[in-house]
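# Structural features, examined
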Amino acid sequence: MENADKKTLFKCIYCNSCFLLDFEPPEKWMVRRYAIKSRFKFVCEKCGAFIYPEELCEDRAPDEDIFYMFSKCINAFRCSLHDQYDPSCEAGLLMPKCFY
């Protein structure tokens, strides 16, 4: 029952809000394994963008692997490079901005 009380700090990619979730991270994060299973697709309660475990980035900006593992959209990182990413990207809909 010790593991039931495990909390992990998640941070929103868009509004930078932080949340403590009942979540025990794996011993080692593996990009492809978890992205394919969609196991870690959580969204921010405030704005709807994806959230990620803060421990994975520490003081660095989230990289492509973070977007790949935690966003529902496979193009989220590419859109973020062009300031096109926003919470609507997590809806899983194809939008006009997706073509730019």
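Use the structure listed above.
These remarks concern the structure in this document. (Residues numbered from 1 in each chain as written. Predicted model: local features only at pLDDT ≥ 70, side-chain atom pairs only at ≥ 80, totals over all residues. Heavy atoms only, no water.)

### Some details on the overall build of the protein chain
- If you tally the helices and strands in the protein chain, you get three helices and three strands.
- Reading the secondary structure of the protein chain in the N-to-C direction produces β-β-α-β-α-α.
- Taken over 100 residues, the protein chain has a buried fraction of 36%.
- Put simply, the protein chain shows about 6,900 Å² of open surface, and 50% of that area lies on carbon and sulfur atoms. (Helix = DSSP H or I, 4+ residues; strand = E, 2+ residues; numbered from the N terminus. Buried < 20%, exposed > 50% of the residue type's maximum accessible area, 1.4 Å probe, protein only. Areas by Shrake-Rupley, 256 points an atom, 1.4 Å probe, with all protein chains shown as cover.)

### Remarks on the packing of aromatic side chains
- Counted according to the given criterion, the structure contains eight aromatic pairs.
- Taking 5.3 Å as the distance between ring centres and 90 degrees as the angle between the ring planes, the aromatic pair formed by Phe10 and Phe42 counts as edge-to-face. Of this pair, Phe10 sits in strand S1 (residues 7-12) while Phe42 sits in the loop between helix H1 (31-37) and strand S3 (51-53); the two residues are 32 residues apart in sequence, bridging distant segments of the chain.
- Exposure remark for Phe42: the relative accessible area of 25% places this residue in the partly exposed category.
- With a centroid separation of 5.4 Å and 65 degrees between ring planes, the pair formed by Phe67 and Phe77 is classed as edge-to-face. (Phe/Tyr/Trp six-rings, centres within 6.5 Å; stacked < 30°, edge-to-face > 60°.)

### Focus on the nonpolar core
- In this structure, Ile13, Trp29, Phe50, Tyr52, Ile66, Phe70 and Tyr85 are the most contacted members of the largest nonpolar core, which totals 23 residues.
- For this core, the secondary structure elements donating two or more residues are S1, S3, helix H2 (64-70) and helix H3 (76-81).
- Considering every element that reaches this core, the biggest residue donor is H2, with four residues.
- In this structure, Phe50 is in contact with Lys11, Cys12, Ile13, Phe42, Val43, Ile66, Phe67, Phe70, Ser71, Tyr85 and Glu90, ignoring residues within four places of it in sequence. (Core = buried A, V, L, I, M, F, W, Y, C linked by side-chain atoms within 4.5 Å. Contact = heavy atoms within 4.5 Å.)

### Regarding the state of the cysteines
- Applying the stated rule across the entire model yields zero disulfides.
- You can see Cys47 has no disulfide; the closest cysteine sulfur is in Cys12, sitting 3.5 Å from it. (Disulfide = S-S within 2.5 Å.)

### A look at the pattern of salt bridges
- This structure, assessed with the given rule, holds one salt bridge.
- Taking the shortest distance from any N to any O, the salt bridge between Asp22 and Lys7 comes out at 2.6 Å. Taken as a pair, Asp22 in strand S2 (residues 18-22) and Lys7 in strand S1 lie far apart in primary sequence, 15 residues in all.
- Asp22 sits in the exposed class, given a relative accessible area of 57%. (Salt bridge = Lys/Arg side-chain N within 4 Å of Asp/Glu carboxyl O.)

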